[in-house]
Amino acid sequence: APGLYLVATPIGNLRDITLRALDVLAGCDVLLAEDTRVSGKLLAAYAISKRLQRYDEHVADRETPRILERLEAGERIALVSDAGTPMVSDPGLRLAQAAIAAGLPVFPIPGASAALAALTLAGLPTDRFLFAGFPPTKTAARRTFFEELANVRATLIFYEGASRVADSLADMAAVFGPRPGAVARELTKLYETCVRGPLDELAADPRFEAPKGEIVILVGPGEDEIASAADAETALREAMTRLP
Ligand code: SAM
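In this text the structure is predicted, and so the values were computed from the model without any measurement.

J.: Go over the site of the ligand, please, and point to the residues and values.
T.: Lining the immediate surroundings of the ligand are 24 residues, of which Gly84, Ser113, Ala114, Tyr159 and Leu187 lie closest. Among the secondary structure elements, those contributing two or more residues to the shell around the ligand are α5 (114-122), β7 (155-160), β8 (180-185) and β10 (215-219). Among the residues making up the shell around the ligand, the classes are represented as 10 nonpolar, eight polar and six charged.

J.: Break down the environment of Leu156 for me, citing the residues and quoting the values.
T.: With respect to the helices and strands, Leu156 occurs in strand β7. When the C-alpha atoms of Leu156 and Ala115 are compared, they prove to be 9.9 Å apart, with 41 residues separating the residues in sequence. If near-sequence neighbours (up to four positions away) are discounted, Leu156 is found in contact with Leu130, Ala132, Leu149, Leu218 and Val219.

J.: Residue-level account of the packing of helix α3 (residues 57-72) against helix α4 (residues 93-101), with values.
T.: Their axes nearest at 10 Å, the elements α3 and α4 cross at an angle of 40 degrees. In terms of orientation, α3 lies oblique with respect to α4. As α3 runs across α4, the sense of the crossing is right-handed. Together, Ala60, Thr64, Ile67, Leu68 and Leu71 of α3 and Arg94, Leu95, Ala98 and Ala99 of α4 make up the contact between the two elements.

J.: Describe helix α7 (residues 165-176), listing the residues and the values that go with them.
T.: Along an α-helix, residues three or four apart share an orientation, since each turn contains 3.6 residues. Here α7 contains 12 residues, and its C-alpha end-to-end distance of 16 Å stays within 8% of the 16 Å for a straight helix at 1.5 Å per residue. Check the buried side of α7 and you find it contacts α6 (139-149), β7, β8, α8 (199-204) and β10. The positive-phi residue at the C-terminal boundary of α7 is Gly177, with phi of around 70 degrees.

J.: Pulling in residues and values, what's your account of the environment of Asp171?
T.: Inspection of the secondary structure assignment puts Asp171 in helix α7. Residue classification places Asp171 among the buried residues on the basis of 21 C-beta atoms within 10 Å. The contact partners of Asp171, leaving out residues within four places of it in the chain, are Thr139, Arg142, Arg143 and Phe146.

J.: Describe the environment of Met240, naming the residues involved and giving the relevant values.
T.: If you trace the backbone, Met240 turns up in helix α9 (residues 229-241). When the C-alpha atoms of Met240 and Thr137 are compared, they prove to be 48 Å apart, with 103 residues separating the residues in sequence.

J.: Tell me about the sheet that holds strand β1 (residues 3-7), and name the residues and values.
T.: Sheet architecture is open: five strands sit in the order β3-β2-β4-β1-β5, paired in parallel fashion. Looking along the sheet, the strands with just one partner apiece sit at the ends: β3 (52-54) and β5 (106-109). Strand-to-strand twist of the sheet, defined as the mean angle between neighbouring strand axes without regard to direction, takes the value 25 degrees. Relative to β3, strand β2 (residues 30-33) is paired through three bridges, and the arrangement is parallel. Of the residues in β3, the one forming a bridge with Ala33 is Arg54. Docked against the sheet, helix α2 (residues 36-45) engages β2, β3 and β4 (76-80), running at close to 155 degrees with respect to β3.

J.: Which residues make up the packing of α6 against α7, and what values go with them?
T.: Here α6 crosses α7 at 45 degrees, and the two axes come no closer than 10 Å. Put simply, α6 runs oblique to α7. Considering only the axes of α6 and α7, their crossing is right-handed. On the side of α6, the interface is formed by Thr139, Arg142, Arg143, Phe146 and Glu147, while α7 contributes Ser168, Asp171, Met172, Val175 and Phe176.

About the cut-offs
- Residues numbered from 1 in each chain as written.
- Predicted model: local features only at pLDDT ≥ 70, side-chain atom pairs only at ≥ 80, totals over all residues.
- Near = placed C-beta within 6 Å.
- Helix = DSSP H or I, 4+ residues; strand = E, 2+ residues; numbered from the N terminus.
- Nonpolar A, V, L, I, M, F, W, Y, C, P; charged D, E, K, R; others polar.
- Contact = placed C-beta atoms within 7 Å.
- Axes fitted to C-alpha atoms, helices over the stretch in contact; angles between N-to-C directions.
- Parallel < 35°, antiparallel > 145°, perpendicular 65-115°, else oblique.
- Left-handed = near helix turned anticlockwise from the far one by under 90°.
- Expected span 1.5 Å × (residues − 1).
- Buried ≥ 20, exposed ≤ 12 C-beta atoms within 10 Å, placed from the backbone.
- Pairing = 2+ DSSP bridges.

See below:
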C-alpha cells in the first residue's frame with residue numbers, strides 16, 4: 001500500500017531485522033536513510049538494491065515537502081535510521097508529523113531499539129519506565145536534567161555517548177543517590193555486556209572510566225521513602241474513612 005513506512009533496523013547484529021522490514025525495504029519506491037552508506041551495507045547484506053536518499057535534520061526542511069508530494073502521488077516511501085527504531089533519538093519526527101497532518105498513511109514496522117533491549121536485560125522494574133534520551137552534555141544542564149527526573153517513580157532509560165558515560169554516572173550517583181542501576185553495552189554485538197549495581201558502585205567502576213562502544217544507562221525507581229505531600233494526604237483521607 002502507498003504510504004510512509006517507519007522501519008526499524010538492527011542495533012548491531014544484522015540478523016535482528018524482521019521479515020516484514022525486509023519486504024518493505026525491497027518493495028518501497030524510495031528509501032530514505034539517515035546515512036546512505038550505513039544503510040547501503042544493510043541492504044547489501046540482504047541483496048536488496050534500492051535507490052537511497054539521504055534524510056536527516058540537515059535536509060528535513062528542504063526535503064519534507066517533496067517527500068509529501070511523492071506520498072500524495074501514491075508512492076511507498078520507507079524511512080530508516082543508522083540503527084534501531086527511527087525517531088527514537090534519531091531523525092524522522094518532522095516527516096512523520098507532516099505526513100500525519102496531511103492525512104497520509106503512516107505505518108510502523110517495529111523491530112530493534114536499544115532502549116527496550118537494555119530494559120529487558122537490566123533486571124530493573126519494567127512495569128513503568130521513562131525513556132529520557134541523551135542527557136545534556138554540559139555538567140550544570142545535566143544535573144538539572146537529572147534533578148527533574150528524580151521524583152519520577154519509574155525505571156529511567158538514558159542513551160549516552162561512550163566518552164560521557166563516566167561524567168553521567170557520577171552526576172547520576174550524586175542526584176539519584178544509591179539507587180540500583182545498570183550499564184548495558186554493545187547490545188546484540190560480540191562484546192555485549194550488562195553491569196548491574198548501585199549507582200555509586202557503577203560510577204566508581206574502572207570499566208566505565210573510558211568505555212568503548214555503544215551504551216545505555218538505566219536507573220531503577222528507588223525506594224518510596226520520599227512520599228510526596230499529596231500521597232500523604234491521600235493516605236490520611238483513606239485512613240480516616242476506615243475510622244469507626
Ligand atoms: N534509534 C536508535 C534506537 O532505536 O535504539 C538509537 C539511536 S541513538 C543516535 C544511538 C544511541 O543508542 C547510542 O549512543 C547508545 O546510547 C544507544 N545504542 C544504539 N545501539 C546500541 C547498542 N547496540 N548497544 C547499546 N546501546 C546502543
